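Here is what each chain is made of, one letter per residue.
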Amino acid sequence: MIKNQDNFCILPWIHLYAEPNGDVYPCCTASPLPDMKPCVENLKDKTLEEVYHSDSWNKLRKDMMDGTRPEACTRCWRFDDAGGSSYRQYNNREFAKYYDLVDKTLPDGSLEDFHFKFLNLRHSIECNFACLTCGPEWSTGWNKYHKGPTNNTKLDNNSKVPIWDQIKPHLETADVIYFTGGEPLMMPDHYRTIDYLIQHGLTHLELRYNTNMSNLNLAKYNVVDKWKMFDKVVLGASIDAVGKRAELIRYGTNWEQLEANLLSVRGYDNIHLGIDSVISILNIDHIPEMQMYMEDKGIIDNSLICSYNIAFGPLEFCITSMPDDIKQRLADQLYDHLDNYKGKLTHPQWGYKQIVNFMMQENTWQHGLLKNQIDYRFKFVKDRLLNEVPLIRELYYYDG
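The rules behind the values
Residues numbered from 1 in each chain as written. Predicted model: local features only at pLDDT ≥ 70, side-chain atom pairs only at ≥ 80, totals over all residues. Heavy atoms only, no water. Helix = DSSP H or I, 4+ residues; strand = E, 2+ residues; numbered from the N terminus. Expected span 1.5 Å × (residues − 1). Buried < 20%, exposed > 50% of the residue type's maximum accessible area, 1.4 Å probe, protein only. Arc of directions from axis to C-beta. Pairing = 2+ DSSP bridges. Salt bridge = Lys/Arg side-chain N within 4 Å of Asp/Glu carboxyl O.

Chemist: Any chance you could break down helix H13 (residues 324–340) for me, citing the residues and the numbers?
Modeler: A rise of 1.5 Å per residue sets the reference length of H13, with its 17 residues, at 24 Å; its end C-alpha atoms lie 24 Å apart and thus fit the reference within 8%. Of all the positions in H13, only Ile326, Lys327, Leu330, Ala331, Leu334, His337 and Leu338 are classed as buried. Considered in projection along H13, the buried side chains sweep an arc of 140 degrees and stay on one side of the axis. Of the exposed residues in H13, the ones pointing more than 90 degrees away from its buried face are Asp324, Asp339 and Asn340.

See the structure below:
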């Protein structure tokens, strides 16, 4: 029995999320923030099945049934409280047919059933970009820009049982497979998985991606040729800006090639393009320009899902980390755009409000933090940041 639907999420019954270092969380948005206590296990110590039946996961399910807000789900609570649409809400709609599993759950949160319906495969951190809201812990593209040892973390190196052996039995019962990274289209394990699905007649499974869409080929593979064999492919293209700003924020982007790749998948009935934007101080002033450009070019329309994901970190780039007067000016600019917008898109109406509400929820501005980080961690793009992003330049000298 679910006591409070507003504090409930179906994912702990049908899903787990494993990071390449072996850490396992209830989902990708439950990875910890600095101020929260995570619900976490590790595949070096437990298999996926052992994690699913562990005391920590049983307690998580019990809390969900009791209407208690688990601290591990802080990101979703913050989005909910800002009046936005959280990952929790989205998945409750997508997987509502599995609510009957709650009725099979014992009072302590345990249950015997163990068949994943939603798999999130993050095999490694291999990536060709050094996105400024990312870092070396998540992208091999950062290796040449940060001070420290190179990182090429792979899930199979941090699992006591090969991850493929653990996942394969669930492919027959899953509804959705979600490929993330790094950059999944660079990973041989991704192609091994979809080849297996094709060979075993499992092309009814929905494929989902979070991808930078920079390269649709790997060795002998053209991924679009593979996608055409599946009933439904949903692409969450990681696009935070257009043109030069895109090439700066997601460092390594060739915008001309990326735009061509985005347009190339628009003509397939089974391939559904969406835009997943990470909102930070790097692009909050650029969002209307990005929206208008992509609408004019035919990259987006109302048939697409466009998501605005707030960058919680690095803290200096979070949209809560600005003086209040600058926040208010940015909020006014976004609302002015909505008031004067004559296009056909509907998602900005709720998306912009969610961004503003989140920005105004709290103030994490720390004097000197942004300047110090640009001078040190982001020194390799310092000149471009100050010359090409007016808001960064303003905050940098405001900070100084």
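Chemist: Tell me about the pairing of strand S10 (residues 233–238), and name the residues and values.
Modeler: The element S10 is extensively covered by neighbouring structure, given that 5 of its 6 residues are classed as buried. Relative to S10, strand S7 (residues 206–211) runs parallel, the two sharing 5 bridges. Bridge pairing in S10 links Arg208 to Val234. Where S10 lies against strand S12 (residues 271–279), 6 bridges are found, and the strand directions are parallel. Opposite Ser238, over in S12, you have Asp276 as the bridge partner.

Chemist: With reference to specific residues and values, describe the sheet that holds strand S4 (residues 118–121).
Modeler: The 9 strands lie next to each other as S3-S2-S1-S4-S6-S7-S10-S12-S13, forming an open sheet whose pairing is mixed. The sheet is open, and its two edges are formed by strand S3 (41–42) and strand S13 (306–310), each paired on a single side.

Chemist: With reference to specific residues and values, describe the pairing of strand S6 (residues 176–179).
Modeler: Burial along S6 is two-sided: the face carrying Val176 and Tyr178 and the face carrying Ile177 and Phe179 are both buried. Pairing geometry for S4 and S6, over 4 bridges, is parallel. Within S6, the residue paired with Leu119 across the bridge is Ile177. Across 4 bridges, S6 lies against S7 in parallel orientation. In the strand pairing of S7, Ile177 is matched with Leu207.

Chemist: I'd like a rundown of the pattern of salt bridges, residues and numbers included.
Modeler: It is possible for side chains bearing opposite charge to pair when their charged atoms get close. In the structure shown here, the tally under the stated rule is 21 salt bridges. Of the charged contacts in the structure, one is a salt bridge between Lys62 and Asp66, with a shortest N-O distance of 2.8 Å. Of the two residues, Lys62 and Asp66 both sit in helix H3 (residues 55–66), 4 residues apart, roughly one turn of that helix. Assessed through its relative accessible area of 32%, Lys62 is described here as partly exposed. For Arg245, the salt bridge is made with Asp285, and the minimal N-O distance between the two is 3.1 Å.

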